[in-house]
Structures are given as C-alpha cells and as structure tokens.
Amino acid sequence: MADSIELARRLCLQPPARRTGTGRCRPRGRLGAPSLRVPRPPLPLSLSLWSSLRCRALDSTRPVAVEGGLGDEEDEDEEGESYFALTSSRLSRVDYLGESTKGDLNVRREHLDAFGGNGKSTLHGPIEEIAWQEAREAESLLRELGIADPFSVRHSPRGIFCTRTLNLRSISVIGYDMDYTLIHYNVMAWEGRAYDYGMANLKGMGFPVDDLEFDPDLVIRGLIMDKDKGNLVKADRFGYIKRAMHGTQMLSTSAVSEIYGRELVDLRKESRWEFLNTLFSVSEAVMFMQMVDKLDQGLVPAELGPLDYKGLYNAVSRALFRAHVEGQLKSEIMAEPERFVEPDPELPLALLDQKEAGKRLLLITNSDYHYTNKMMNHAFNRFLPNDMAWRDLFEMVIVSARKPEFFQISHPLYEVVTNDGLMRPCFKANSGGLYSGGSAQMVEKSLDIHGDEILYVGDHIYTDVSQSKVHLRWRTALICRELEDEFDALIRSHVQKEQLITLIQQKEVVGDLFNQLRLALQRRTNSRPAQTLAATCMDDQELTESMQKLLIVMQRLDEKIAPMLESDGELFNKRWGWLSRTGLWDKSHLTRQIEKYADIYTSRVSNFLHYTPFMYFQSQEQTLGHDVHSYSRRQQH
C-alpha cells in the first residue's frame, strides 16, 4: 500500500497526498485539479514499465537532462539515472513538418532494449499495430488516474484550432496580452459602461442621446465601419461586401449591390474603413450606428456645424477617447472588479503548467501599472497555490507598452520600482523585472531569443497578432471568446444545414440536366445538330415539356432554399449571421485575417490547460477544388 500511495503522490505532482477511505488521493495546492485514483496493480509488463516511465516523467522533483538527445549519456540526478533527455537547441533539427524538434523528449539509449531493442520486447512487431495497442493502454491508464481523454476537448467549444503547424515544445517564451486575453470582461458591464461614459460626453457636446440605450447585439467582431457612408458592413475573405447596415437598419441584398457593386474593402485605407478587431470595438460601433440615425433624421443641432458621416464618427471616437483618458471607466472597474471581470479558475493553473514546463512567461499590456496590478491581483492570486502571486508567474512584465508601436519601434524603457508605481529610466531589462515602455526587440535581446521561439497570445488581430507576426515573425495565438457561442450554434444548426445542403445539391443535379436540354434546344433552334443523334431527332414538344418541368422544380427549390440561406447563422446573430462566414461556404474577412496571422486560435487562455505545454499542433487539411478526396485525421501529440 505504501508503494501505491507513493506512486499516486508522484502522479499528482504534489507534496505528500492524503489518503481517504476510498483509496483515492487528493492533491494539495493545485486548486481545481481532479481527484486521482491510485492505479490498480500492474497488468501486463509493458503497462507496468510504461507507468514507471510516466511516473518518472511526471515527477516534478526529479530533474530531466536538458542537453541530451537520443542516446545521450549525460547527467544522473541524485536518485539515479534519468530515463529521459530533452532535445536541446544545440541538438535540435527540423522535422518532416518543418518544425523544430527542440524540447522533444527522448528515451535514453540504454533503456531502449527494454522497449524494442530485442525480439522479446512487447514493442516488437509492426509499428502500426503497436501504436494502437499502446495508445489503448495509455488511455486506460489516464482513466485510472481520472484524467480526461485528451481528444474529447479537441472538438468542443473549448478547443484550440490550428491554422499553421506549431510545436509547442520548441517554444521557449510565451507572451500574453492582458485585457480580454488573461482577463475576460463581462461585455455588457464593461462595454455598457464605456457606452454610458461616451454618450455622456456626446451629450456634453450637444448631441441628442437621451433616448438611446446600449445594444450589444447590434454588432459583432469582424465587421467594418464605412465612415464615408455611415454603414456597417460584413465582407468575405476577398473583401466583397455581403451584408450591410445603415444606421441601425439592415440593408437588402439589392441595396448592398447597388451601393457597393464590385467595390472591395481595403483596410489599408484607414481614413474610410475601421475594422472591429476586438470586443473593445463594440461600444464605439453601437454609438456610431445610433448617431447615424440621428443625423439622417435631422436631429443633430445645427450649431454643431455641418457634419457628414466621417465627422460624426470622429465625434464619437473623441467622446470614447475622453472616457478612457480621463480614467473614469477604469477607476470604476478598479473599485469594483467583481462587477466587470469574469473569473476563470483554470487560467492561472494553465500558466503555472507552462512555467513548470520550462516556458518563460511574459505579460505585455497597454494598460498602466496601477490598473494592471489591480486586475491581475483580482483575477489570479486567489486561484494560485502556496501563496503565489501573479507576478511569480512571469519572467518579465511590461505595462504601457504602446502596442502596436511596441512591435515596430523602440520607446524609452522605465523600471517600475515601487508599489506606488514610481519609475526610473533604465537601459536593459532583466529577468523578474517590471517595466514600462520599451520594445519587442528589447525583449528579444534581454532574453536572448528571437522569432519563432516566442509565442504571443492576444485578442486583437492587428495590435497583438498581425504586428508581432509581420515585424518579428513571432508565433501567434488569437483569443476570441465568441468562438464558444458560434461553436454551440453550429452544433444546434447542424440538422438545418444538412437539409439546406441537400436542397442545394438537388437543385444542382436538376440544373445540370436542365442546362443540357437547354443546349440541345438552342442547337436545334439554330439548325445545328444537338449533342447526340437522339437529341437531334427528339420531338420539340417533348423537349420543351421536360425543360418546363425541370424549371418549375428549380423554382420551387429556390422558394425553400432562399429563406433557409437568409436565416443561416441566426442562432449566432440575427443580423449578421456567423462570425466566421459570410455565406454558406464563403469565409468572412475576419476568418481570412485569422488564417493569415494567427498560428492557433481559441476562445480563452485556460483552454491550454487541456492540451498540455507539450502539444504538437498540426494544421488541418486545406481542401482543394480539384482534389476529389478529402482526408481527415485526429490531431496527435
């Protein structure tokens, strides 16, 4: 029994565990971790050995040699030789998917004989069969430990989705944004109060706002404001506008076509187009759309001057800017963070796993020191074990970073030296430091890392993700909380989507047949032979009647298809449909941005907890129009 308890203690990664009458152990310190059952007595020899290896690998008290590769003979810890060795930067190579092998775990050569170096081994034989057998045994072991199947979360609202293959084992540093990344706000509370302050400022300027209320369902992330026309539009991945709203009224498909024709959205023209990159854009877009209605109705006082839609947008932008600069909103949040912050107990544990796995963590935020400290204390400290504080997680903290300029140019660097926020100039950042300003290049130099050794995680597709990718070639992860709602809506709409696709396929079959008959009639009318002799000799009335029947069938199919297409995506948002699509098949402009700049994307940082810090993310199949086969695979470690 003592041996079993010790084994459970190691697997729990905890100080000595407390036994219970049911034979279970309860880990101390790691809040929110599942209770683990003591494994049963060994079954086959191979499972016993694998369990032993896992115990050695998971035991945080036993160091693992970091300079070794396969066959490395170095380093024995004080309790005996280690079974494993990590592939170091010096010994790393590029694997067949183009990813660095740095951080991969290898079995030392002297232990290989027990697992495949001789004919008596349980690992001897066709590797395809061995892989499935060992996978089943490993899954059984995880069940014994009370750990969830690692594949169950992959296809869920809490999944992490990959656009570009990423070996997390090779990542040395993980940097995080704070607002809407490490800290998620209640959108109604935060953006609602931002709206209130902004509207109060507009009222002070003389705008009529008394009858207006905050409506967060009016907009979604990824929409684009047309400041010239007073419209909010949704574009596809090519930039063509598919849906539009003028003021707070949706425009018909014909009106959208008449206004924009074949015009493309070009986000580089910032004087006209404003992309809603993040949830912080919600209040601004709602205010602008509502004020467009006021301007169209002639309710904006003449003394405010002749205002066009762009001038109106500038007034709204100034009103919100004042709310942030004057600090009213942030002061209210700091006074009562529980009103605005949605707690996530799993998030600090996910970061703790990454830190204990050897990742150096950074916090890089545009928020100032006082606000950052208050919010992080509230969101993190109560969920960390052993009296840890949020600062203990991070190798370096940078506040007032001034992103996106942080990734482009260098600003003066200051060190925050007191709890009151007193700062002094400095020229070099050091491990464990708290700084204001600086640059991403300074971070790379201080940590002696660069490029694809760094993963940066943020919620803003431009400020966080695209700029760190474009200027520094950092690996990137986008946080988009709305993915959870869209995922659930996609599941609930599955039956209707299948019905819709069936109708479209029926129309396609009927349409192809109709077109062939139409071509036969066209050729006969012009005194030319039809496609075949039989078609050429067919009676005109028979050919015409067949075409009439097919045309009636297509028209009736259209009567069912059109409203179903119109309502597709309403379960996510009644006005704009899906976040990720602009039609049944077309990806949205936001999805195109994500695919271009984010290596992985997910709904919240705590989702990393279910993937482990050693995950090998593989990008999914990219379907091709000319490829008749579609392959699918489960994402593997």
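Every chain is numbered independently, its residues counted from 1 as its sequence is written. Totals for whole chains, interfaces and linings use all residues, but because this is a predicted model, local features are given only for residues with pLDDT of at least 70 and pairs of side-chain atoms are given and counted only at 80 or more. For side-chain calculations, the full set of non-hydrogen atoms in the structure is used, while hydrogens and water are omitted.

With an unreviewed UniProt entry as reference, the protein is termed 5'-nucleotidase, source organism Oryza nivara. UniProt positions are given in the numbering used here, feature names are shortened, and annotations may be inferred rather than shown by experiment. What UniProt records for the protein under Sequence similarities (unreviewed entry) is the sentence "Belongs to the 5'(3')-deoxyribonucleotidase family."

(A) Examining the overall build of the protein more closely. A count of helices and strands for the protein gives 18 helices and 26 strands. Relative to its full complement of 637 residues, the protein shows a buried share of 47%. Here a residue-residue contact requires only that any non-hydrogen atoms of the pair lie within 4.5 Å. For the protein, restricting intrachain contacts to residue pairs at least 6 apart in sequence, the fraction spanning at least 24 positions comes to 70%. In the form shown here, the protein has an accessible surface area of approximately 32,700 Å², with 52% of it arising from carbon and sulfur atoms. A run of DSSP states H or I qualifies as a helix once it reaches four residues; a run of E qualifies as a strand once it reaches two. Both are numbered from the N-terminal end. Think of it in three bands: with a 1.4 Å probe and only protein chains considered, a residue is buried below 20% of the maximum accessible area for its type, exposed above 50%, and partly exposed in between. Computed with a 1.4 Å probe, the accessible areas rest on the Shrake-Rupley method; for each residue, only the protein chains presented here act as cover.

(B) Representation of the sheet that holds strand β8 (residues 160-162) in the model. Whether two strands pair depends on DSSP finding at least two bridges between them. The 10 strands lie next to each other as β8-β25-β24-β23-β10-β18-β19-β22-β20-β21, forming an open sheet whose pairing is mixed. Edge positions in the open sheet fall to β8 and β21 (423-426), since each of these has one partner strand only. Across the sheet, the mean angle from the axis of one strand to that of its neighbour is 25°, orientation sign disregarded. Relative to strand β18 (residues 360-364), strand β10 (residues 173-176) is paired through 4 bridges, and the arrangement is parallel. If you follow Val173 over to β18, its bridge partner there is Arg360. Only the contacting stretch of a helix is used when fitting its axis, a line to C-alpha atoms as for every element, and angles between N-to-C directions run 0 to 180 degrees.

(C) Quick look at the sheet that holds strand β12 (residues 224-226). Overall, antiparallel pairing links the 5 strands, which are arranged β15-β14-β13-β12-β16 in an open sheet. For this open sheet the edge positions go to β15 (249-250) and β16 (273-275), each flanked by a neighbour on one side alone. As paired elements, β12 and β16 share 3 bridges and run antiparallel to each other. Bridge pairing links Met225 to Glu274 in β16.

(D) How the structure looks around helix α18 (residues 589-597). Those residues of α18 that sit buried are His589, Leu590, Thr591, Gln593, Ile594 and Tyr597. In this fold, the buried residues of α18 make contact with β12, β13 (231-235), β16, α13 (461-472), β24 (475-479) and β25 (600-602).

(E) Geometry of the side chain of Asp177. Within the secondary structure, Asp177 sits in the loop between β10 and β11 (184-185). For Asp177, the side chain forms a polar contact with the side chain of Thr181, separated by 3.3 Å. Leave out the neighbours within four places in its chain, and Asp177 touches Leu182, Leu363, Ile364, Thr365, Lys403, Tyr456, Val457, Gly458, Asp459 and Asp464. N or O atoms within 3.5 Å of each other form a polar contact, as long as, within protein, one can give a hydrogen and the other can take it, and as long as residues adjacent in sequence are counted only when both atoms are side-chain atoms.

(F) Quick look at the pattern of salt bridges. Definition used for salt bridges: Asp or Glu carboxyl oxygen within 4 Å of a side-chain nitrogen of Lys or Arg. Counted by the stated rule, this structure contains 30 salt bridges. For Asp196, the salt bridge is made with Arg193, and the minimal N-O distance between the two is 3.0 Å. With Asp196 and Arg193 both in helix α4 (residues 187-205) and 3 residues apart, this pair spans about one turn of that helix. Asp228 serves as the salt-bridge partner of Arg272, at 3.8 Å between the closest nitrogen and oxygen. Taken as a pair, Arg272 in the loop between α5 (253-260) and β16 and Asp228 in the loop between β12 and β13 lie far apart in primary sequence, 44 residues in all. Using a relative accessible area of 38% as the deciding quantity, one classes Asp228 as partly exposed.

(G) Local environment of the pairing of strand β23 (residues 454-458). β23 sits mainly inside the fold: 5 of its 5 residues count as buried. Residue alternation in β23 divides its side chains into two sets, Ile454, Tyr456 and Gly458 and Leu455 and Val457, and both sets are buried. Taken together, β23, α13 and β24 constitute a β-α-β crossover, and its handedness is right-handed. Every crossover in which the path from the first strand over the helix to the second runs clockwise, viewed with the strands pointing away from the viewer, is termed right-handed.

(H) Quick peek at the side chain of Glu99. Note on placement: Glu99 falls in the loop between β6 (84-86) and β7 (105-107). Looking at Glu99, the relative accessible area reads 8%, which means it is buried. Within the local environment of Glu99, its side chain forms a polar contact with the backbone nitrogen of Asn167, the two atoms lying 3.1 Å apart. When sequence neighbours within four positions are dropped, the list of residues in contact with Glu99 reads Arg93, Val94, Thr165, Leu166, Asn167, Arg475 and Tyr616.

(I) View of the packing of α13 against α18. Packing of α13 against α18 brings their axes to within 10 Å, and their N-to-C directions diverge by 35°. For the pair α13 and α18, the sense of crossing is left-handed. Residue-level inspection shows Ile461, Val465, Ser466, Lys469 and Val470 of α13 in contact with α18, the latter providing Gln593, Ile594 and Tyr597. In this classification, the charged set is Asp, Glu, Lys and Arg, the nonpolar set is Ala, Val, Leu, Ile, Met, Phe, Trp, Tyr, Cys and Pro, and all remaining amino acids, among them Gly, are polar. Classifying every residue of the contact of α13 with α18 gives 5 nonpolar, 2 polar and 1 charged. Take the far helix as your reference; a near helix turned counterclockwise from it by less than a right angle gives a left-handed crossing, and one turned clockwise gives a right-handed crossing.

(J) Spotlight on the packing of aromatic side chains. Planes of paired rings set the category: under 30 degrees apart is stacked, over 60 is edge-to-face and the rest tilted, where pairs are Phe, Tyr or Trp rings (Trp by its six-membered ring) whose centres lie within 6.5 Å. A complete count under the given rule lists 13 aromatic pairs for this structure. Residues Trp390 and Phe394 carry aromatic rings whose centres are separated by 6.1 Å and whose planes lie at 65° to one another, so their mutual orientation is edge-to-face. Overall, Phe394 belongs to the buried group, its relative accessible area being 5%. Each residue in the set Tyr180, Tyr185, Trp190 and Phe280 is aromatic and connected to the rest through ring pairs, giving one cluster. For the cation-ring pair, Arg193 lies above Tyr197, with the distance from its terminal atom to the ring centre recorded as 4.9 Å. A ring has a charge above it when a Lys NZ or an Arg CZ is no more than 6 Å from the ring centre and no more than 35 degrees off the ring normal. Cation over ring: Arg262 sits above Tyr240, and NZ or CZ is 4.5 Å from the ring centre.

(K) The arrangement of unusual backbone geometry in detail. A cis amide bond links Lys403 with the next residue in sequence, Pro404, at an omega value of 10°. By the element assignment, Pro404 lies in the loop between β19 (396-399) and β20 (413-416). A positive phi angle is found at Asp448, which is not glycine, with a value near 55°. Along the chain, Asp448 turns up in the loop between α12 (440-447) and β23. Residue Arg473 is not a glycine yet carries a positive backbone phi of 60°. For Arg473, the location among the structural elements is in the loop between α13 and β24. Residue Arg473 is classed as exposed on the basis of its relative accessible area, which comes to 55%.

(L) Broad picture of the nonpolar core. With 110 residues, the main nonpolar core has Leu182, Leu202, Leu351, Phe380 and Phe394 as its most contacted residues. Here the element with the most residues in this core is helix α6 (residues 282-296); it accounts for 9 residues. Once residues lying within four places of it in the same chain are set aside, the contact partners of Leu202 are Phe207, Val209, Met287, Met291, Ala315, Val316 and Ala319. With 21 residues, the next largest nonpolar core counts Met396, Ala401, Ile449 and Ile454 among its residues. The nonpolar core is taken to be a set of buried Ala, Val, Leu, Ile, Met, Phe, Trp, Tyr and Cys residues, with the residues joined through side-chain atoms within 4.5 Å.

(M) Main features of the confidence of the model for the protein. Here pLDDT means the predictor's own confidence in every residue, given as a number from 0 to 100. When pLDDT is averaged along the protein, the result is 84; 84% of the residues meet or exceed 70. Low pLDDT, under 50, characterises residues 66-80; the predicted model gives this stretch 39 contacts beyond four residues in sequence or across chains. Contacts for the low-pLDDT stretch residues 633-637, under 50 throughout, to residues beyond four places or in other chains number 25 contacts.

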